[in-house]
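Listed below, chain by chain, are the residues.
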Amino acid sequence: MDQLRILVVDDHPLFRFGLCQTLQQVPDVEVAGEAATGTAAVAMADSLQPDVVVMDLNMPDFNGVEATRRIVRTSPHVGVLVLTMFDDNESVFAAMRAGARGYLLKGATPEEIVRAIRAVGQGQAIFGPAIASRLLGFFGNNARAAQVEAFPELTAREHEVLVLIAQGEGNAAIARKLVISGKTVRNHVSNIFSKLHVADRAEAIMRAREAGLGEN
């Protein structure tokens, strides 16, 4: 079993210690390092090249949104999972725009955190239940008719793939649901990013949700 290497970033030493202790009990997770500031987080992400950075937002020097932006810019293959107390729309959307692949609140259970780490490590986008409900509520006023007219530049198959992306599905799950190969899914995802002028799955999800797509 391949291990996911994790960098834990939080300015509260007791919370950081507790999270690291929890993760060290998970067989497929290795805590590669810890950081207490945005500056240290960026430097350690660059030197350690972890699979996932678990990122708090409220930190000394510069905050977790800026740290996420710098990490994603220099190491785009590193997934960032935000784990924070802040559940307001501004914080959620700022983290997504910065390139975070996931967003959980600190009230999440250890099992939820581990599942989110694994999902982010596999390139998926994931949100805790409270955040997902907030996003759906925020975008819920969009008319259903907008779904039909949304993104006419996409093919019918690309539209199907985008809907599944907006529901948080990874490439492997999309391939199974649409009965197509993983390579075909990757090609569709690349085409979607190009046509919608987005950089990653988080931005694609935002665009899709704004259009009312992806609601279960």
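Residues numbered from 1 in each chain as written. Predicted model: local features only at pLDDT ≥ 70, side-chain atom pairs only at ≥ 80, totals over all residues. Heavy atoms only, no water.

A.B. asks: I'd like a rundown of the overall build of the protein, residues and numbers included.
C.D. replies: In terms of helices and strands, the protein carries 11 helices and six strands. The C-alpha atoms of the protein give 17 Å as radius of gyration, which agrees with the globular expectation for 216 residues (17 Å, within 12%). A separation threshold of at least 6 residues defines the contact pool for the protein, and within that pool the share at least 24 residues apart is 66%. With the model as given, the accessible surface of the protein reaches about 10200 Å², and the carbon-plus-sulfur share is 53%. If you average the places of the 21 positive and of the 25 negative side-chain charges in the protein, the two averages end up 5 Å apart. (Helix = DSSP H or I, 4+ residues; strand = E, 2+ residues; numbered from the N terminus. Rg over C-alpha atoms; globule rule 2.2 N^0.38 Å. Contact = heavy atoms within 4.5 Å. Areas by Shrake-Rupley, 256 points an atom, 1.4 Å probe, with all protein chains shown as cover. Lys, Arg positive; Asp, Glu negative; His and termini not counted. Charge placed at Lys NZ, Arg CZ, Asp CG, Glu CD.)

A.B. asks: Mind laying out the sheet that holds strand β6 (residues 126-127), listing which residues take part and the relevant values?
C.D. replies: In space, the six strands of this open sheet follow the order β2-β1-β3-β4-β5-β6, with parallel pairing throughout. This sheet does not close on itself; its edge strands, each paired only once, are β2 (29-35) and β6. Strand direction decides the pairing type here: strand β5 (residues 102-105) and β6, joined by two bridges, are parallel. Paired with tyrosine 103 across the bridge in β6 is phenylalanine 127. Together, β1 (4-9), β2, β3 (52-55) and β4 (79-84) form the strand contacts of helix α1 (residues 13-23), whose direction differs from that of β2 by roughly 165°. (Pairing = 2+ DSSP bridges. Axes fitted to C-alpha atoms, helices over the stretch in contact; angles between N-to-C directions.)

A.B. asks: Any details on the pairing of β5? Residues and values, ideally.
C.D. replies: Along any regular strand, the residues point their side chains to alternate faces of the sheet. In this sheet, β5 lies alongside β4 in parallel orientation, the contact comprising four bridges. By the bridge assignment for β5, leucine 81 is matched with glycine 102. Traced from β4 through helix α4 (residues 89-98) to β5, the parallel crossover comes out right-handed. Each parallel crossover has a hand, and the one from β5 via helix α5 (residues 110-121) to β6 is left-handed. (Right-handed = clockwise from strand over helix to strand, strands pointing away.)

A.B. asks: Could you give me a rundown of the layout of surface pockets, with the residues and numbers involved?
C.D. replies: One number sums up the size of the second largest pocket: a volume of about 190 Å³. What lines the second largest pocket is Val72, Pro76, Val78, Gly99, Ala100, Arg101, Gly123, Phe193, Ala199, Asp200, Arg201 and Ala202. For the lining of the second largest pocket, the per-class residue count stands at seven nonpolar, two polar and three charged. (1 Å grid on protein atoms, 1.4 Å probe; cavity = no way out; pocket = protein on both sides within 12 Å on 5 of 7 lines; lining within 4 Å. Points joined across faces, edges and corners; volume = space filled by probe spheres on them. Nonpolar A, V, L, I, M, F, W, Y, C, P; charged D, E, K, R; others polar.)

A.B. asks: I'd like a rundown of α4, residues and numbers included.
C.D. replies: Taking burial as the measure, the 10 residues of α4 include seven buried ones, the bulk of the element. Listed as buried for α4 are Ser91, Val92, Phe93, Ala94, Ala95, Met96 and Ala98. Following α4 by one or two positions, glycine 99 adopts a phi angle in the positive range, close to 115°. (Buried < 20%, exposed > 50% of the residue type's maximum accessible area, 1.4 Å probe, protein only.)

A.B. asks: Describe the pairing of β3, and please don't skip the residues or the numbers.
C.D. replies: The alternating pattern of β3 places Val52 and Val54 on one face and Val53 and Met55 on the opposite face, and all of these are buried. Of the pairings in the sheet, the one linking β1 to β3 comprises four bridges and is parallel in character. Bridge pairing in β3 places valine 8 opposite valine 54. Bridge count between β3 and β4: four bridges; the pairing is parallel. Paired with valine 52 across the bridge in β4 is glycine 79. With helix α3 (residues 64-74) bridging β3 and its parallel neighbour β4, the resulting β-α-β unit is right-handed.

A.B. asks: Kindly report on the packing of aromatic side chains, identifying the contributing residues and their values.
C.D. replies: Inspection of the entire model under this criterion finds zero aromatic pairs. Residue placement shows arginine 70 over the ring face of phenylalanine 62; its charged tip is 4.0 Å from the ring centre. Looking at lysine 106, its charged tip hangs above the ring of phenylalanine 15, at a distance of 4.3 Å from the centre. (Phe/Tyr/Trp six-rings, centres within 6.5 Å; stacked < 30°, edge-to-face > 60°. Lys NZ or Arg CZ within 6 Å of the ring centre and 35° of its normal.)

A.B. asks: If you had to explain the environment of aspartate 88 to someone new, which residues and values would you point to?
C.D. replies: By secondary structure assignment, the location of aspartate 88 is in the loop between β4 and α4. Of the residues examined, aspartate 88 reaches a relative accessible area of 28% and is grouped as partly exposed. Along the primary structure aspartate 88 and valine 65 are separated by 23 residues, whereas in three dimensions their C-alpha atoms are 14 Å apart. A polar contact of 2.8 Å, which involves the side chain of aspartate 88, links it to the side chain of serine 91. (Polar contact = N/O pair within 3.5 Å; in protein donor to acceptor, adjacent residues only side chain to side chain.)

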